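Take a look at the letters that make up each chain.
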Amino acid sequence: MDAAQEAQKREAFRQAVVNTLERRLFYIPSFKIYRGVAGLYDYGPPGCAVKANVLAFWRQHFVREESMLEIDCPCVTPEIVLKASGHVEKFTDLMVKDEKTGTCYRADHLLKDYCKDKLEKDPNLSAEKAAELKHVLAVLDDLSPEELGAKIKGYGITAPDTKNALSDPYPFNLMFQTSIGPSGLSSGYMRPETAQGIFVNFKDLYYFNGNKLPFAAAQIGQAFRNEVLYAVILIDLLHEFVHLSIRGLALILLSALLHMPDNLLKKSSLQYSRSLPRQGLLRVREFTLAEIEHFVDPEDKSHPKFSEVSKLEFFMFPREDQVSGRQARRIQIGEAVSQGIVNNETLGYFIGRVYLFLTQLGIDKDRLRFRQHLANEMAHYAADCWDAEIECSYGWIECVGIADRSAYDLRAHTAMGEKEAMELKATLEANGEAEFHVCTLDKDVTIKKNMVSISKEKRKEHQRVFTPSVIEPSFGIGRIIYCLYEHSFYTRASKDGDEQLNVFRFPPLVAPIKCTVFPLVQNQQYEEVAKKIAKSLTAVGISYKIDITGTSIGKRYARTDELGVPFAITVDSTSSVTVRERDSKHQIRVNVEEVASLVKEVTDSTTTWADVQWKYPTHSS
């Protein structure tokens, strides 16, 4: 199969997944009756359940097992906090503009799309050129604005919709700005990450932990990024001028720019740009993050539980392999730390724990890799950074970042360091006064020499004073869930072989509904038994759905398979029922009184389906 056929196959698979997800209400575009807004999605009932199950497992796997301190901070963050952290100045994407229409595009996306398109669709591409383009893709995040601009010009990349020339790349801040309070004088932003709430509370959390290190704090919450998701739509409004008032014309223009009405899309004389999601749930403007900040002594980054994960072997992609054009390879995390590929044990421990978390959710271990950041891709203060990337129909998607951020974040929120204090002292001694910026007031004030005393002393102390380093695993929950959808989706022939049926093979851990209860036929006695079983399932905390429609049992199975329900209980007598497992379609017969506890044991993984098949008699449909 050539690259073009492979791309078509991926697109067809993705469309099948997305169609099923939207039809079964896992997620839908937000504000759909008003034609939606780009990059915003609503989770429907099954989507909410999957998300809740993923977050519940995250809390169990990390917060509880690692005795982390969980906090919950506001989404609205004062500007001063994000100035100190560097987000106001540096939280940007590189953009380019169509020099004639002004339409904006992500510069790295245009270069990435060009390289992938040539590799997949150009049959005349030489081996040398293919190697060059693969190298560009490998180091894409490593390119400076100047290098990115040079590549775009060198490859002759133009605006995708007009073919006009593009500007040089320039930075665009991704944060949503707002004002706090009715006066509008206090500026703020919708937080782009949850981490800053943990950093500004470090002192109190450290005290709560008994003034002991190491410790970890965690937070789950919404984050907001004004992602650049541009596309161009073509609208012909000329025929409307005669019939519309100015207000009516304005409404059509607004609708065109924001919502792309289908009836106007077919016309084409005037151009307007609006935002469209490039990759559905993978690139959105409001999303859920789950972040951990593990505070550790910068001189001792060992981890007492590292031996528990050191033998884990999985695909890793060190920076040397990326630059040299090699592929990701299986490496034991213990060896990666001992060989210096991974900087320290604590970072390695969390990489191993992230691997276990993702694979237990249902992510295919053969389509999961940990890619190390390239040298220039990594912040200057960071000791080492790795991304857990999951392969889906869109390619390799960054879903978790695991970084050793050194002491940068805590120092950013420190009032004054030694160097700054000594510089202030020198200025006061030389000039008798100095300008000083009071960040809490966002004002410059003049300090006189007689107002302050600054001195440097050496004391013999019996304790060591240092700023802790931070190991930060950061999870994009929506991205993980979308990749899980793709990894869990497959089709199989119906019993008659006349159609293909959709199935999500969710592990019971994350399945939106754990089981369904079906009376085999519409019968009062069977329905009473079904209600009795439902009550027992509720008592043991198992989510379920009763289906008493007169539809054939085969169609009811198909409907629940498409939702990823792992078990189906069919009531065909008053004393015993059958339990069907989704993927094998095997059935066993169980007494009514036992069925709820059996489903509970299997969904909680205290036993396996294989084990219960030995214990209970097989049922043949």
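What counts, and where the lines are drawn
Residues numbered from 1 in each chain as written. Predicted model: local features only at pLDDT ≥ 70, side-chain atom pairs only at ≥ 80, totals over all residues. Heavy atoms only, no water. Disulfide = S-S within 2.5 Å. Pairing = 2+ DSSP bridges. Helix = DSSP H or I, 4+ residues; strand = E, 2+ residues; numbered from the N terminus. Contact = heavy atoms within 4.5 Å. Axes fitted to C-alpha atoms, helices over the stretch in contact; angles between N-to-C directions. Phe/Tyr/Trp six-rings, centres within 6.5 Å; stacked < 30°, edge-to-face > 60°. Lys NZ or Arg CZ within 6 Å of the ring centre and 35° of its normal. Core = buried A, V, L, I, M, F, W, Y, C linked by side-chain atoms within 4.5 Å. Buried < 20%, exposed > 50% of the residue type's maximum accessible area, 1.4 Å probe, protein only. pLDDT = per-residue confidence, 0-100. Polar contact = N/O pair within 3.5 Å; in protein donor to acceptor, adjacent residues only side chain to side chain.

## Some points on the state of the cysteines
Counted according to the given criterion, the structure contains 0 disulfides. Its sulfur unpaired, Cys73 is 9.7 Å from the next cysteine sulfur, which belongs to Cys75.

## Describing the sheet that holds strand S21 (residues 469-476)
Spatial ordering of the open sheet is given by S3-S10-S13-S21-S18-S17-S16-S14-S15, a layout of 9 strands whose pairing is mixed. Both edges of this open sheet fall to strand S3 (69-70) and strand S15 (329-332), since each of them pairs with a single strand only. Sheet topology places strand S17 (residues 384-392) next to strand S18 (residues 395-404); 9 bridges connect them, and they run antiparallel. Note on S18: the bridge partner recorded for Cys385 is Ala403. On top of the sheet, helix H14 (residues 345-361) reaches strand S13 (286-296), strand S14 (313-317), strand S16 (368-372), S17, S18 and S21; it is set at about 145 degrees to S18, its chief contact. Its contacts with the sheet place helix H17 (residues 477-488) against S13, S17, S18 and S21, and it is angled at close to 140 degrees to S18.

## Regarding the packing of aromatic side chains
For the structure shown, the criterion picks out 28 aromatic pairs. Above the face of the Tyr394 ring, Arg14 is positioned so that its terminal group lies 4.1 Å from the ring centre. The cationic tip of Arg369 hangs over the ring face of Trp396; the distance from NZ or CZ to the ring centre is 4.2 Å.

## Here we look at the nonpolar core
If you look at the biggest cluster of nonpolar residues, it comprises 70 residues, and the most contacted ones within it are Trp58, Ile333, Phe357, Phe370, Phe475 and Tyr485. It is H14 that provides the largest number of residues to this core, a total of 9 residues. Contacts of Phe357, omitting those with residues within four sequence positions, involve Val54, Phe57, Trp58, His61, Phe62, Phe475 and Ile480. Judged by nonpolar contacts, the second largest core, of 24 residues, contains Val517, Ile542, Val579 and Val595.

## Quick word on the confidence of the model for the chain
Residue-level pLDDT values for the chain average 88, and 90% of them are 70 or greater. Low pLDDT (under 50) marks residues 230-277, which in the prediction has 84 contacts with non-local residues, meaning those over four places away or in another chain.

## Let's talk about the environment of Gln500
Locating Gln500 in the fold gives a position in strand S23 (residues 500-504). Between the C-alpha atoms of Gln500 and Lys90, which are 410 residues apart in sequence, the distance is 50 Å. Not counting residues within four places of it along the chain, the set of residues in contact with Gln500 comprises Thr491, Arg492 and Ala493. Side chain to side chain, Gln500 and Thr491 meet in a polar contact 3.4 Å long.

## What about the sheet that holds strand S29 (residues 618-619)?
Spatially, S25-S24-S26-S27-S28-S29 is the arrangement adopted by the 6 strands of the open sheet, whose pairing is mixed. A single partner strand is all that each edge strand has here, and the edge strands are strand S25 (544-546) and S29. Here strand S27 (residues 576-581) pairs with strand S28 (residues 587-591) via 5 bridges, running antiparallel. In the sheet register, Ser576 faces S28, and the bridge partner there is Asn591. This element, helix H18 (residues 524-539), spans strand S24 (515-519), S25, strand S26 (567-571) and S27 of the sheet and lies at about 165 degrees to S24.

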